[in-house]
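Reading the structure
One letter stands for each residue in the lines below.
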Amino acid sequence: SRSQPGPNTVRAPPSGRGLPLPYCAVPATSFAAAAPAAAMRAWALALAMAAVTASCASALRATTPASAVSAFRRVNSKSPMSDAELEKRFSTLSTYFGDEALGAMLAVEPSVLSFRDVEGVFEVYEEKWGREKALGVVTRNPALLGVRRTGYGSAEAAGGDAGAMS
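Keep in mind it's a predicted model, so treat the numbers as computed, not measured.

Reading guide: rules and limits
- Residues numbered from 1 in each chain as written.
- Predicted model: local features only at pLDDT ≥ 70, side-chain atom pairs only at ≥ 80, totals over all residues.
- Heavy atoms only, no water.
- Buried < 20%, exposed > 50% of the residue type's maximum accessible area, 1.4 Å probe, protein only.
- Helix = DSSP H or I, 4+ residues; strand = E, 2+ residues; numbered from the N terminus.
- Arc of directions from axis to C-beta.
- Contact = heavy atoms within 4.5 Å.
- pLDDT = per-residue confidence, 0-100.
- Polar contact = N/O pair within 3.5 Å; in protein donor to acceptor, adjacent residues only side chain to side chain.
- Salt bridge = Lys/Arg side-chain N within 4 Å of Asp/Glu carboxyl O.
- Axes fitted to C-alpha atoms, helices over the stretch in contact; angles between N-to-C directions.
- Parallel < 35°, antiparallel > 145°, perpendicular 65-115°, else oblique.
- Nonpolar A, V, L, I, M, F, W, Y, C, P; charged D, E, K, R; others polar.

Before going further, it helps to examine helix α2 (residues 65-75). All of the buried residues along α2 are Ala68, Val69, Ala71 and Phe72. Buried residues along α2 cover an arc of 160 degrees about the axis, so they all sit on one side. At its buried positions, α2 is contacted by α3 (83-97) and α4 (99-108).

This part covers the environment of Leu102. Relative to the helices and strands, Leu102 resides in helix α4. On the basis of relative accessible area, Leu102 is assigned to the buried category, the value being 1%. Separated by 39 residues in the primary sequence, Leu102 and Thr63 have C-alpha atoms spaced 8.6 Å apart.

A residue-level look at the chain finds 59% of positions with pLDDT of 70 or above and a mean pLDDT of 75. Note on residues 8-32: pLDDT is under 50 here. Beyond four places in sequence and across chains, it has 42 contacts. Low pLDDT, under 50, characterises residues 55-62; the predicted model gives this stretch 10 contacts beyond four residues in sequence or across chains.

Time to look at the side chain of Glu119. In this fold, Glu119 is placed in helix α5 (residues 118-129). Taking relative accessible area as the criterion, Glu119 reaches 19% and is therefore assigned buried. Of the polar contacts made by the side chain of Glu119, one reaches the side chain of Arg89; its length is 3.3 Å. Setting aside chain neighbours within four positions, we find Glu119 in contact with Arg89, Thr92, Leu93 and Tyr96.

Turning our eyes to something else, we now look at the pattern of salt bridges. A full pass over the atoms with the stated rule returns 4 salt bridges. Here Glu119 and Arg89 are joined by a salt bridge, their closest N and O atoms 3.3 Å apart. In this pair, Glu119 sits in helix α5 while Arg89 sits in helix α3, placing the two residues 30 residues apart along the sequence. Two residues, Arg131 and Glu126, come together in a salt bridge whose shortest N-O distance is 3.4 Å. Of the residues examined, Glu126 reaches a relative accessible area of 23% and is grouped as partly exposed.

What follows covers the packing of α4 against helix α6 (residues 131-140). Packed helix pairs are specified by the crossing angle of their axes together with the interaxial distance, meaning the distance between the axes. Running from N to C, α4 and α6 cross one another at 30 degrees; their axes reach a closest spacing of 8 Å. The angle between α4 and α6 falls in the class roughly parallel. Contact residues: α4 offers Ala101, Ala104, Met105 and Val108, while α6 offers Leu135, Val138, Thr139 and Arg140. A class-by-class count of the residues in the contact of α4 with α6 yields 6 nonpolar, 1 polar and 1 charged.

Quick look at the structure:
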């Protein structure tokens, strides 16, 4: 049962991922209260999390070594890596991060299978933020695993904003 919109009710935009979003029950006038920016950010975050959850759930159902290689090939058709190498890399990363986190990463960035020093880069983030936060950050933004471990623009040089922006 969906709530019906009133004249001042904000409707959630369509997610584009087949996720039916109900009308937001928060009257639009409440966004003009004391902290309108914070209320809008919280609302946008809730919508984004719902879309990511739906996207990740569908990716997890289909994440096998073969489906990961297929997704990788769609994005990187000219990669010199063989299917056997990619499947081995999938198994290694699955053991390191866990099936659920890897499935979420591959849904966002299939190229993570070809990143060179994923474990080393993740260890740097893990030292900075702890395992739970680091895993959350790289699950949302797996491209962060494609940077160098040290040097300019590296995982080591990343500030707190890298975790906050992801």
